[in-house]
Number of protein chains: 2
Amino acid sequence: MGDRGDGEPRAARTIRRVTIYLDHAATTPLRREVLGAMLPFLTDVFGNPSSAHAVGRRARAALDEAHEKVAHELNAQAREIVFTSGGTEASNLAIKGAAWAGKAQGNHVITSAIEHHATLHTVSHLEKFGFEVSVVPVDRYGRVDPDQIASAMNDRTILVSLMLANNEVGTVQPVREVIERVRHQRGVLVHVDAVQAAPYVGIDVRALDVDLLSLSAHKFEGPKGIGALFIRHGTTLLPQQQGGSQERYRRAGTENVAGAVGLAVAYELSCREREGVVPRVAALRDRLRDAVLVVPGVELTGHPRDRLPGHLSVIARESDGASVSFALDLEGIACSTGSACTTGSAEPSHVLTAMGYPAEEALGAVRMTLGRTTTEEEVDRVAQVVPEVLVRMRVGAAAVAADPLGQQVPS
Amino acid sequence: MGDRGDGEPRAARTIRRVTIYLDHAATTPLRREVLGAMLPFLTDVFGNPSSAHAVGRRARAALDEAHEKVAHELNAQAREIVFTSGGTEASNLAIKGAAWAGKAQGNHVITSAIEHHATLHTVSHLEKFGFEVSVVPVDRYGRVDPDQIASAMNDRTILVSLMLANNEVGTVQPVREVIERVRHQRGVLVHVDAVQAAPYVGIDVRALDVDLLSLSAHKFEGPKGIGALFIRHGTTLLPQQQGGSQERYRRAGTENVAGAVGLAVAYELSCREREGVVPRVAALRDRLRDAVLVVPGVELTGHPRDRLPGHLSVIARESDGASVSFALDLEGIACSTGSACTTGSAEPSHVLTAMGYPAEEALGAVRMTLGRTTTEEEVDRVAQVVPEVLVRMRVGAAAVAADPLGQQVPS
């Protein structure tokens, strides 16, 4: 892709320096108001919430308030919220905690083929310890069939873990229907990984009738290094981190007070503004989608309607998604091939593979994810550049095919 | 303790409002320079370090530099450092990771009776899974005897976990001598919990010849919610958190970039300034110690010389440590009875109990821990107030004893 010296005017190149960030599914910028809410706990209010003195009690009060805020937005109780170091820890605690606590009752866990690795690698880990795992397939759009989840149930089933929306293709799962189908069996816990869905899908844990639900702050303009797990009152988990009695004995370790406050404020803002943000982001995404899908050989991945509003995921046939992303990066547009957690891997996405895409097609994946702060101007620029790049990179790919000895390698 | 209306002039009461913080063992204020180093990663440089684009690469570069800084200070390699969510997670990963990885070779773990609960509760957790644990006793000063560690070894031993200095009484352990005694046995890993010692004891992991070593940023003026584990190259651990491939597959989850940068800068500053800080803090602590120990019935706990420079831990006979701390809190002096992680517990400290103090004496524990920012003026004020309070609270305790029906309860 060393084609920046293409005679383009200098002014245009300067514009490129202002990055257009279209990778909000990987992480989001920390919102200024959220940083403002965190700063007191990075300066004056520095106490350990477990300390009995006034310095500690101020920190404790803020931590309690953070629990209450998150609980309020989820229609939960404050004691049902446990802060973790992120979505990965939340899902690990939910899945391993529930599996080990349920061991006397059964050893069977159900999940789907398009879950995040924080789920899939966790259930694989459990398999080493004698747990049985059923990985339910998905359709072409990345959706599980509630009937297939129900069919996978047996009398040893203790846990069903599903994501609310997929991080790569944005498909929203019929989680409510799945829960209705599994609720008849006593003692089966349901964990929902809401990490990617949280900024866009309103969550009422009572209406959803879920037992465990994971959140990650940095997906909704909160800080990195903090997540939360909703644990329905009365649900027993085996804690995964031993030590002090923090978080009601469910998660040991001095609490990240600033992080918890940041998560709570970010989630509160996200929930309050969701009604206005979702249609605006979806409209921008649709405009970008329409501009991208006119390129020959480019097709949308994921469900056409039941998808997160900011998600535009495509496959560009006869293209290499990594090269496309790199070319866009040179144009000042930050997007990805899929999950940031697997970047650098030459393997095709497990999500696209599970959706039925052959490996050579899955390697053409490009994911653009818009956020609350994405502007019309940014989308206009991207809508102009992306089709150009997609066409150019496809030509590049064709050139490689025409020159198998690699004498004229475009990258 | 409702005795604030004691006719003291209003001006003196106003002075009390400026809290003197003597609980640096529980947590420390975030250093201003450290917050400054973190802020870019809470604002502009918000990328996910796993993202391949320029936004992600800037975050990755900072994360890499944080690994390098910590490694440099420990005389380690950058790849030997794994960032965790704190000291508790670091010790959990070290102990459980090493125990499970060593299961084929043996199932025996050795630790001491005065470890932090992040160690003691973790080894108890392992016992549920078939591991055997030897908890070696300590002497009156809280020191383990290297011979006793050596005697506890058997051919199933796979791990020895010891703290470098105790968090309650400040006693520094003869860790080097212990390691020399256990190194003859092939395959035995040594984990050192350096969480409390880190700001004051220089650590060279090669000279110490340790395999695993835990740090926590908020103990050395870094942020809460971030820790680090040194893992000697070639040491195999079973990861305790599954998901993405972060931290070279040893700790999944999007990295807390700002936290990692904060830890690295805080540790670097702490190491650079240690030579000047230690004697100054020790001199202040000694001055305070001399003022406190003249009170009848008050005795120092922990080792008289081999102790952390900021640690002043005492037992006040016929007193209740919690009531003394509360009275000092009303005087604007923040200190504790012991570990913040067990505050609120009516149980006597497991550390003091292990050191041979009977429960009724252990309940008279008061811990004052100075820090880098503690001033002479603060120590002068505390040196005046603490003896007064200790005498008064002892009288209060005597009054309760004289009035067993509780008609005249002083608190």
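Each remark here, short or long, concerns the structure printed above.
Note that the structure is a prediction, hence the values are computed from the model and not measured.

Now, about the interface of chain B and chain A: what can you tell me, with residues and values included?
At the interface, 60 residues of chain B touch 60 residues of chain A. Here chain B meets chain A over a buried area of about 4,600 Å², counting both sides, of which 60% is carbon and sulfur. Of all residues in chain B, the largest losses of buried area upon contact with chain A belong to B:Phe46, B:Lys224 and B:Gln242, amounting jointly to 15% of the total for that side. There are two salt bridges connecting chain B and chain A. A salt bridge links A:Arg57 to B:Asp329, with the nearest nitrogen and oxygen atoms 2.9 Å apart. Linking chain B with chain A are 26 residue pairs in polar contact (both at pLDDT 80 or more). Of all the elements in the fold, those that place two or more residues in the side of chain B that touches chain A are helix H3 (54-74), helix H4 (87-101) and helix H5 (117-127) of chain B. Of the residues that constitute the side of chain B that touches chain A, the class distribution is 22 nonpolar, 29 polar and nine charged.

Lay out the relation of the copies chain B and chain A in plain terms, naming residues and giving numbers.
Superposing chain B onto chain A takes a rotation of 180° combined with a translation of 0.0 Å along the rotation axis, leaving an RMSD of 0.0 Å. Between the two chains, the operation in question is that of a two-fold axis. When C-alpha positions in chain B are compared against the rotation axis, the closest is assigned to B:Ser85, at 2.9 Å. Counting the interface residues of chain B, we find that 100% of their copies in chain A are interface residues as well, pointing to one common contact surface.

Outline the pairing of strand E2 (residues 81-84) of chain B, listing residues and values.
For a regular strand, side-chain orientation follows a simple rule: the groups alternate between the two sheet faces. All names here are of chain B. The two faces of E2 match: Ile-81 and Phe-83 on one face and Val-82 and Thr-84 on the other face are all buried. Bridging between E2 and strand E8 (residues 227-231) involves four bridges; their strand directions are antiparallel. The residue of E8 that forms the bridge with Thr-84 is Gly-227.

Calculation notes
Residues numbered from 1 in each chain as written. Chains lettered and ligands numbered in written order. Predicted model: local features only at pLDDT ≥ 70, side-chain atom pairs only at ≥ 80, totals over all residues. Heavy atoms only, no water. Contact = heavy atoms within 4.5 Å. Buried area = accessible area lost by both parts, 1.4 Å probe. Salt bridge = Lys/Arg side-chain N within 4 Å of Asp/Glu carboxyl O. Polar contact = N/O pair within 3.5 Å; in protein donor to acceptor, adjacent residues only side chain to side chain. Helix = DSSP H or I, 4+ residues; strand = E, 2+ residues; numbered from the N terminus. Nonpolar A, V, L, I, M, F, W, Y, C, P; charged D, E, K, R; others polar. Least-squares fit on C-alpha atoms with pLDDT ≥ 70 in both. Buried < 20%, exposed > 50% of the residue type's maximum accessible area, 1.4 Å probe, protein only. Pairing = 2+ DSSP bridges.

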